[in-house]
Amino acid sequence: MDPIKTGRLIRQLRTVHGMTQKQLAERIHIGDKAVSKWENGKGCPDISLLNALADVFGTDINILLSGEINKNESENGNMKKTRFYVCGCCGNIITASSAAAVTCCGSKLSAPELRKAAEHEMLKVEDIDGEWYITSAHPMTKEHFISFAAYVNDSCIMIFRQYPEWDMQITLPVQRAGRLIWYCRECGLLYQDIHPNRK
């Protein structure tokens, strides 16, 4: 922990949250002189205080330790660039419109690489009376199954949870051109593009 960088960050976060040094000190049960010392780069918070500081600022301990906030580059709100994070322990699905630091069940998650589905892996899309009926021949056993599928276009995303030992099937109103994305632990994160007039 660099005392100057961390001190600068604490001052920045405190100011953003509209707190005085005294108010911050009261929130984490220390003297206000300690906060002044940190902000002037003359010391660092004790490790036992990092959780409390992170809670007050609504941030992550790693941000406090590094002393800097790395802002994501703008992705112009294109939902097709959404990243999917899947927890291997609980199956939680977390999405972000750009790269993010995501943790679940005590582990840091990384977004799986998205790859275009081969012809034999593609989902079957049928237009039935103005609805897309989407199915797959993918195995749906307890060990090997599609855990979710999503329809994504440039402005929206719809996620459909799937369960082992159920047939994989989704029905949704025909939309404009978009992308189907699905995830299996063994096969990874796959996609195929779909269009209203093309099956």
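Our structure's up above, just so we're on the same page.
To start, this report covers the structure provided alongside it. (Residues numbered from 1 in each chain as written. Predicted model: local features only at pLDDT ≥ 70, side-chain atom pairs only at ≥ 80, totals over all residues. Heavy atoms only, no water.)

### What about the environment of Phe-148?
Thinking step 1. Looking at the secondary structure, you find Phe-148 in strand β8 (residues 146-152).
Thinking step 2. Through-space distance from the C-alpha of Phe-148 to that of Ile-93 is 8.4 Å; in sequence the pair is 55 residues apart.
Thinking step 3. Apart from residues lying up to four places away in sequence, Phe-148 is in contact with Phe-84, Val-86, Ile-93, Ile-159, Phe-160, Arg-161, Gln-162, Ile-181, Trp-182, Tyr-183 and Leu-189. (Helix = DSSP H or I, 4+ residues; strand = E, 2+ residues; numbered from the N terminus. Contact = heavy atoms within 4.5 Å.)

### Section: the side chain of Gln-162
Thinking step 1. With respect to the element layout, Gln-162 can be found in the loop between β9 (157-161) and β10 (169-173).
Thinking step 2. What makes Gln-162 buried here is its relative accessible area of 7%.
Thinking step 3. Not counting the four nearest positions on each side in its chain, Gln-162 is found in contact with Met-140, Phe-145, Ile-146, Ser-147, Phe-148, Ala-149, Asp-167, Met-168, Gln-169 and Ile-170. (Buried < 20%, exposed > 50% of the residue type's maximum accessible area, 1.4 Å probe, protein only.)

### Quick word on the layout of surface pockets
Thinking step 1. Its volume calculated, the second largest pocket comes out at about 230 Å³.
Thinking step 2. Around the second largest pocket, the lining is made up of 19 residues, and of these Cys-87, Gly-91, Phe-145, Ser-147 and Arg-185 lie nearest the centre.
Thinking step 3. Taken together, the residues of the lining of the second largest pocket sort by class into nine nonpolar, five polar and five charged. (1 Å grid on protein atoms, 1.4 Å probe; cavity = no way out; pocket = protein on both sides within 12 Å on 5 of 7 lines; lining within 4 Å. Points joined across faces, edges and corners; volume = space filled by probe spheres on them. Nonpolar A, V, L, I, M, F, W, Y, C, P; charged D, E, K, R; others polar.)

### Examining the pattern of salt bridges
Thinking step 1. Counted under the stated rule, the structure contains six salt bridges.
Thinking step 2. Here Glu-39 and Arg-11 are joined by a salt bridge, their closest N and O atoms 3.7 Å apart. Of this pair, Glu-39 sits in helix α3 (residues 32-39) while Arg-11 sits in helix α1 (residues 3-16), and the two are 28 residues apart along the sequence.
Thinking step 3. Assessed through its relative accessible area of 4%, Glu-39 is described here as buried.
Thinking step 4. Take Arg-11: its relative accessible area is 32%, and that puts it in the partly exposed class.
Thinking step 5. With its nearest N and O atoms 2.6 Å apart, the salt bridge here joins Arg-176 to Asp-154. Taken together, the residues Arg-176 in the loop between β10 and β11 (178-184) and Asp-154 in the loop between β8 and β9 connect sequence positions 22 residues apart.
Thinking step 6. Its relative accessible area of 45% is what places Arg-176 among the partly exposed residues. (Salt bridge = Lys/Arg side-chain N within 4 Å of Asp/Glu carboxyl O.)

### Things to note about the pairing of strand β6 (residues 124-128)
Looking along a regular strand, one sees side chains alternate from face to face of the sheet.
Thinking step 1. Bridge count between β6 and strand β7 (residues 131-135): five bridges; the pairing is antiparallel. Bridge assignment links Val-125 to a residue of β7, and that residue is Ile-134.
Thinking step 2. Between the antiparallel neighbours β6 and β7 lie two residues, among them Asp-129 with a positive phi of about 50 degrees. (Pairing = 2+ DSSP bridges.)

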